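Descriptive structure summary
Now for the letters of each chain:
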Amino acid sequence: MASLRDVAPTSLLPLEAAEELKALAQEIAEHDRRYYQQDAPAVSDAEYDALRRRNEAIEALFPHLARPDSPSKRIGAAPATGFAKVRHARPMLSLANAFSPEDVADFIDRIRRFLGLADDEPVVLVAEPKIDGLSVSLRYEGGRLVQGATRGDGEEGENVTANLQTLADIPRQLPAGVPDILEVRGEVYIARADFAEMNRRQEAEGGKVFANPRNAAAGSLRQLDPAVTARRPLRFFAYAWGEVSAPLGRTIWELRGKLRAWGFTVSEPARLCPSLDDTLAFHVDLESRRAEVPYDMDGVVYKVDRLDWLERLGQVSRSPRWAIAHKFPAEKAETVVRAIEVQVGRTGVLTPVAELEPITVGGVVVARATLHNEDYIAERDIRVGDHVIVQRAGDVIPQVLAVVPGKRPAEAPPYAFPRACPICRSAAVREDGMAARRCTGGLVCPAQAVERLKHFVSRDAFDIEGLGDKHIEAFWQDGLLRSPADLFRLHRHGDAIRGREGWGDKSADNLLGAIEKRRVIALPRFLFALGIPQIGQASAKLLARHYGSLALLRQAMAEAQEPDSEARKALQAIDGIGPSMAADLLAFFAEPHNGTLLDDLAGLLSVEDYVAPAAADSPVAGKTVVFTGTLATLTRDEAKARAEALGAKVAGSLSKRTDYLVAGPGAGSKLKKAVELGVTVLTEEEWLALAAGPLEA
């Protein structure tokens, strides 16, 4: 009897068509695996193309039978008009960096202290290459891939499901036995050989030639047409997990084996390292073989192997406590300083920047590098015309390391740092004990105003697509923007924007639409966007968690202007808010211009109250807790982390707003003060019973 493969698509019955589409999906997926993962194709390109054409022909005749895992969905779909936002069920964290053996030793010591481990108890680490690619998350439900997203800012990424479905390294359907909900995280990258071949092809076709594999991977994944992504040689390594509905095992090493069994590729070479010496030896070995590995990497990632320890360690700020990236030494190159330019930042800081003879460092062309401040220039005696050594610090930020002796032009004078702002000519002063010189022009300085606007719309703040630095500068020059609130009045100038050079109806409408989408914003993003000195993303989230709403924060800052007020004491008691940071916060909210801006923004947008990530029924969510004395079953750091994971606010000192004092032996004066203030005092056992609940790693 002839097989269905011998029957013309037009002669197939519906049941036969469904059976044939299933067989084709499985067969083509196997050929993809052999080609992309094993570099061992089993059929010729012509035979492979014939299978795809047959699949497409049957789907054209029976569109209602097209399968979720259809090969046709791997090679393109109707071009999208943009990428929807995806909120990660669990944050996609970035890694802290280590640059020396001492940093790695400190990392292991911190783990020991946090977990209260004995000095002789091994801390086994998994060491893996740190791939230089683009982090993504894959969500599987019932074993089927339902969503793929970029990392974005860690809390929210872009939905690139259609594009990720074109990668042969990413399984569309997982085998039986996987958790019903499984979020697999990993890195999209381009191997060096594939990158070179792609650039040769791009150049031959008159297309864009990419600077490095990482940029090429990121650009390829964010194509609006998945068919373009499908033509790029993207690959995927799985290395982590997000939300899961069932335990994944006992160790990361065990999880790596499961990922392989489920059809994923994991990064190699990798090693279990039971000691610091083993860990550092792997780093040295991998660095020596850096050129042999077929993809770009910029270091080694160390992860605590035990999953139960991972849960206890949790995270600090935007990084996990249980992992760190040990970077390889930065590449260096020699070039010439053409000029020294001084930039003015959003807080008025004057930052010198070297304009360089362009040079390639670590695969990237560098034409500018930071000189940090006037002391940095003076200590190294850096002058225009000098030959200098440049490196990309952490393989990211270019900086000038030193002057090359004996190559200075005879006529090069010492560099004189300006005493006036180069933009508004206001005095540039340097306060005692400060490294930076600041412009005193404040709001009258255009540079500060423009830089604040750039910060306001940046990725981790309001994240307004289509509004780049050059657009902000141009809108400022023409009077369309003067304050952040003016962004939300730009729709009144729609016709003027459409008539500008480089703009049209579609680009203007896209920009105005992107602004409209940001009229509702989370409190941590809003606080970060304000550009308050020393208030970064971590401290913005800390303030949001502590005060809950913008209204309550503003009220507390107004009350805290009085030095002896309870509000001032409560602010200074927040664990993680130091005296200098508190002073900058109070100064910002005391400035009348800032109050006017906040009032203006309040009438134009909605700032969402902070919602703690803990379960709604957690009895400690929203409560303020102080720990004192010696704890028996938890270290102090672990106790604080657990409280915060359950939505509590941890303070360093007592006030009338404290809800609980958890007191161990040796509580001392805090216990006495708690009794005086009427604060509920709990033993460690009572606290553990009250706070019992799931932990988020």
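Scroll up to find the structure this text is about.
In what follows, the accompanying structure is described. (Residues numbered from 1 in each chain as written. Predicted model: local features only at pLDDT ≥ 70, side-chain atom pairs only at ≥ 80, totals over all residues. Heavy atoms only, no water.)

It is worth spelling out the side chain of Thr229 at this point. Of note, Thr229 is situated in helix H7 (residues 226–230). Beyond its immediate chain neighbours, meaning those up to four positions away, Thr229 contacts Asn163, Thr166, Ser220, Leu221, Gln223 and Leu234. (Helix = DSSP H or I, 4+ residues; strand = E, 2+ residues; numbered from the N terminus. Contact = heavy atoms within 4.5 Å.)

Right, let's get into the environment of Ala17. Position of Ala17 relative to the elements: it lies in helix H1 (residues 14–36). Sequence separation between Ala17 and Gly249 is 232 residues; the distance between their C-alpha atoms is 41 Å. In this structure Ala17 touches Leu12, Ile58, Phe62 and Leu65, once residues within four positions along its chain are discounted.

The strand order across the open sheet built from four strands is E24-E23-E25-E26, with neighbouring strands paired in parallel fashion. Looking at strand neighbours, the two that pair on one side only are strand E24 (649–650) and strand E26 (680–682), the edges of this open sheet. On top of the sheet, helix H23 (residues 669–677) reaches strand E23 (624–628), strand E25 (660–663) and E26; it is set at about 150° to E25, its chief contact. (Pairing = 2+ DSSP bridges. Axes fitted to C-alpha atoms, helices over the stretch in contact; angles between N-to-C directions.)

Here four strands make up an open sheet; going across it, the order is E5-E4-E7-E8 and the pairing antiparallel. Every other strand in the sheet has two partners, leaving strand E5 (144–150) and strand E8 (235–244) as the edge strands with one partner each. Pairs of neighbouring strands in the sheet enclose a mean axial angle of 30°, with direction left out of account. Note: strand E7 (residues 181–189) against E8, seven bridges, orientation antiparallel. Following the sheet pairing, Glu187 is matched in E8 by Phe237. Where helix H6 (residues 213–221) meets the sheet, it contacts strand E4 (134–141), E5 and E7, and its direction lies at approximately 40° from that of E4.

Moving on to the packing of aromatic side chains. Under the counting rule described, the total for this entry stands at 13 aromatic pairs. Residues Phe237 and Tyr295 carry aromatic rings whose centres are separated by 5.1 Å and whose planes lie at 70° to one another, so their mutual orientation is edge-to-face. Remark: Tyr295 occurs in the loop between helix H9 (276–288) and strand E10 (297–304) and Phe237 occurs in strand E8; sequence separation between them is 58 residues. The class for Tyr295 is buried, based on a relative accessible area of 4%. A ring pair is formed by Phe462 and Phe526, whose centres lie 6.3 Å apart and whose planes are at 65°; its orientation type is edge-to-face. Of the two residues, Phe462 is situated in the loop between helix H12 (446–456) and helix H13 (469–477) and Phe526 in helix H16 (residues 523–529); the sequence distance between them amounts to 64 residues. Of the two residues, Phe462 and Phe526, both sit in the buried class. Grouped by ring-pair contacts, the aromatic residues Phe456, Phe462, Phe488 and Phe526 constitute a single cluster. Positioned above the aromatic ring of Tyr376, the side-chain terminus of Arg380 is 3.6 Å from the ring centre. (Phe/Tyr/Trp six-rings, centres within 6.5 Å; stacked < 30°, edge-to-face > 60°. Buried < 20%, exposed > 50% of the residue type's maximum accessible area, 1.4 Å probe, protein only. Lys NZ or Arg CZ within 6 Å of the ring centre and 35° of its normal.)

Moving on, we come to the packing of helix H3 (residues 101–115) against H9. For the pair H3 and H9, the least separation of the axes is 11 Å and the interaxial angle reads 140°. The angle between the axes of H3 and H9 places the two elements in the oblique class. You can see that H3 and H9 cross each other, and the crossing is right-handed. The segment H3 lies against H9, with Pro101, Val104, Ala105 and Ile108 engaging Leu276, Thr279 and Leu280. (Parallel < 35°, antiparallel > 145°, perpendicular 65-115°, else oblique. Left-handed = near helix turned anticlockwise from the far one by under 90°.)

Along the chain, Glu357 falls in strand E15 (residues 350–361). When the C-alpha atoms of Glu357 and Ala474 are compared, they prove to be 28 Å apart, with 117 residues separating the residues in sequence. With residues near it in sequence (within four places) discarded, Glu357 still touches Thr335, Val336, Arg338 and Val366.

Take helix H18 (residues 550–559) next. Taken as a whole, H18 has its buried residues at Leu550, Leu553, Ala556 and Met557. Within H18, the buried residues cover an arc of 130° as seen down the axis, which keeps them to one side. For H18, the exposed residues lying more than 90 degrees away from the buried face are Ala551 and Ala558. The inward-facing, buried residues of H18 abut H16, helix H17 (537–547), helix H19 (566–573), helix H20 (579–590) and strand E22 (606–608). (Arc of directions from axis to C-beta.)

Along the chain, Lys649 falls in strand E24. Asp659 provides the closest opposite charge to the buried, unpaired Lys649, separated from it by 6.8 Å. A polar atom in the side chain of Lys649 sits 2.5 Å from the backbone oxygen of His546. When neighbours within four sequence positions are excluded, Lys649 is seen to be in contact with Arg545, His546, Gly622, Lys623, Thr624 and Val625. (Lys, Arg positive; Asp, Glu negative; His and termini not counted. Salt bridge = Lys/Arg side-chain N within 4 Å of Asp/Glu carboxyl O. Polar contact = N/O pair within 3.5 Å; in protein donor to acceptor, adjacent residues only side chain to side chain.)

On to a nonpolar patch on the surface, then. Judged by side-chain polarity, Leu671, Val675 and Val681 come together as a nonpolar surface patch covering roughly 230 Å² of accessible area. Tracing the chain through its elements places Val681 in strand E26. (Patch = residues over 30% accessible without salt bridge, like charges linked within 9 Å, V, L, I, M, F, W, Y side chains within 5 Å. Areas by Shrake-Rupley, 256 points an atom, 1.4 Å probe, with all protein chains shown as cover.)

A word on the pairing of E23. A large share of E23 lies buried, amounting to five of its five residues. Across the two faces of E23 the burial is the same, with Thr624, Val626 and Thr628 and Val625 and Phe627 all buried.

All told, the structure shown has 48 salt bridges when counted by the stated rule. Here Arg383 makes a salt bridge to Asp381, at a shortest N to O gap of 3.0 Å. With relative accessibility at 16%, the residue Arg383 sits in the buried group. Overall, the relative accessible area of 27% leaves Asp381 in the partly exposed class.

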